[in-house]
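# Residue-level structure breakdown
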Amino acid sequence: MKLYDCSTAPSPRRVRIFLAEKGLTLPTVQVDLRGGEQFAPAFRAMNPDCTVPVLALDSGAAITDIIAICRYIEELHPEPALMGRDAEERALIECWVRRIEWDGIYAIQEAFRNSMPGLEHRALPGPLPLEQIPALAERGRLRARHFLAWLDTRLADHAFVGGAAFTIADISAMVTVDFAARAKLDPPEHLRHLRRWHQDVSRRPSAKA
């Protein structure tokens, strides 16, 4: 197996943290997103969406979705369980992850990519050259603030996003909060449950992945 990564991008970081929690290392290829290497014919042949991460398997198959990559790793290395131990846990954790993606990651991406200098023709990741829309940046900021407040409420009586144990939901949420800071959308001071949780999970060795 080989992981196609970019050390500065939030999406592959979710996979790196997942691997670190499992105690696993994989051969890694750094893809220069800033230099446009994701659009090169060789990479595009492997992933027509021109995004990272990509997990290339020995069979020649390529897994291009973050959760699918993590699911594959979890199947091969089930301990520690990061995606649930039974049907109910797995379903609930996946619910949290999808909400984090839709209400958090996509909202912050909307704000970031529609306002960041240098991304004028790259408002969405992928092969299409799409122009920035300032109104979408503002909408993304509103959505992101709503998400951070929701996450604070969720963590008011839970040690972790999914309940009592650290899971892929916490990995996804931590990367989202860190991405928010890059987009100048830091959680407000009064979201103390979110700040407590973020400090705790950021102390884990895997957070440095």
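Summary of the structure given here. The structure displayed is predicted, hence computed values, not measured ones. (Residues numbered from 1 in each chain as written. Predicted model: local features only at pLDDT ≥ 70, side-chain atom pairs only at ≥ 80, totals over all residues. Heavy atoms only, no water.)

### Things to note about empty space enclosed by the protein
The gaps of empty space that remain are located by a probe, the size of a water molecule, rolled over the atoms. Applying the stated criterion across every chain, the model contains 1 cavity of 30 Å³ or more. Lining the largest cavity, in full, are Ile67, Arg71, Met83, Arg90, Ile93, Glu94, Val97 and Ile168. With 4 residues, helix H4 (residues 87–113) is the largest single contributor of residues to the lining of the largest cavity. Residue composition of the lining of the largest cavity, grouped by class: 5 nonpolar, no polar and 3 charged. (1 Å grid on protein atoms, 1.4 Å probe; cavity = no way out; pocket = protein on both sides within 12 Å on 5 of 7 lines; lining within 4 Å. Points joined across faces, edges and corners; volume = space filled by probe spheres on them. Helix = DSSP H or I, 4+ residues; strand = E, 2+ residues; numbered from the N terminus. Nonpolar A, V, L, I, M, F, W, Y, C, P; charged D, E, K, R; others polar.)

### Some remarks on the side chain of aspartate 152
Turning to its location among the elements, aspartate 152 is positioned in helix H5 (residues 134–154). For the buried residue aspartate 152, which engages in no salt bridge, the nearest side chain bearing the opposite charge is arginine 192, 6.9 Å off. Of the polar contacts made by the side chain of aspartate 152, one reaches the backbone nitrogen of leucine 194; its length is 2.9 Å. Those residues within four positions of aspartate 152 in sequence are excluded, and the remaining contacts are Leu191, Arg192, His193 and Leu194. (Buried < 20%, exposed > 50% of the residue type's maximum accessible area, 1.4 Å probe, protein only. Lys, Arg positive; Asp, Glu negative; His and termini not counted. Salt bridge = Lys/Arg side-chain N within 4 Å of Asp/Glu carboxyl O. Polar contact = N/O pair within 3.5 Å; in protein donor to acceptor, adjacent residues only side chain to side chain. Contact = heavy atoms within 4.5 Å.)

### Overview of the pattern of salt bridges
Per the stated rule, a full pass over the model turns up 16 salt bridges. For arginine 139, the salt bridge identified is with glutamate 110, shortest N-O distance 2.5 Å. Of this pair, arginine 139 sits in helix H5 while glutamate 110 sits in helix H4; the two residues are 29 residues apart in sequence, bridging distant segments of the chain. Across the pair glutamate 138 and arginine 145 runs a salt bridge whose closest N-O atoms are separated by 3.9 Å. What makes arginine 145 partly exposed here is its relative accessible area of 43%. Each member of the salt-bridge network shares a partner with another, and the members are Arg14, Arg71, Glu94, Arg98 and Glu101.

### Focus: the side chain of histidine 193
By the element assignment, histidine 193 lies in helix H7 (residues 192–202). In contact with histidine 193, other than residues within four places in its own chain, are Asp152, Leu155 and Ala156.

### Digging into the environment of leucine 3
Of note, leucine 3 is situated in strand S1 (residues 2–5). In this structure leucine 3 comes out as buried when scored by relative accessible area, which is 2%. Here the alpha-carbon distance between leucine 3 and phenylalanine 43, two residues 40 residues apart in the chain, equals 12 Å. With near-sequence residues (within four places) excluded, leucine 3 lies in contact with Val15, Leu19, Pro27, Thr28, Val29, Pro53, Val54 and Leu55.

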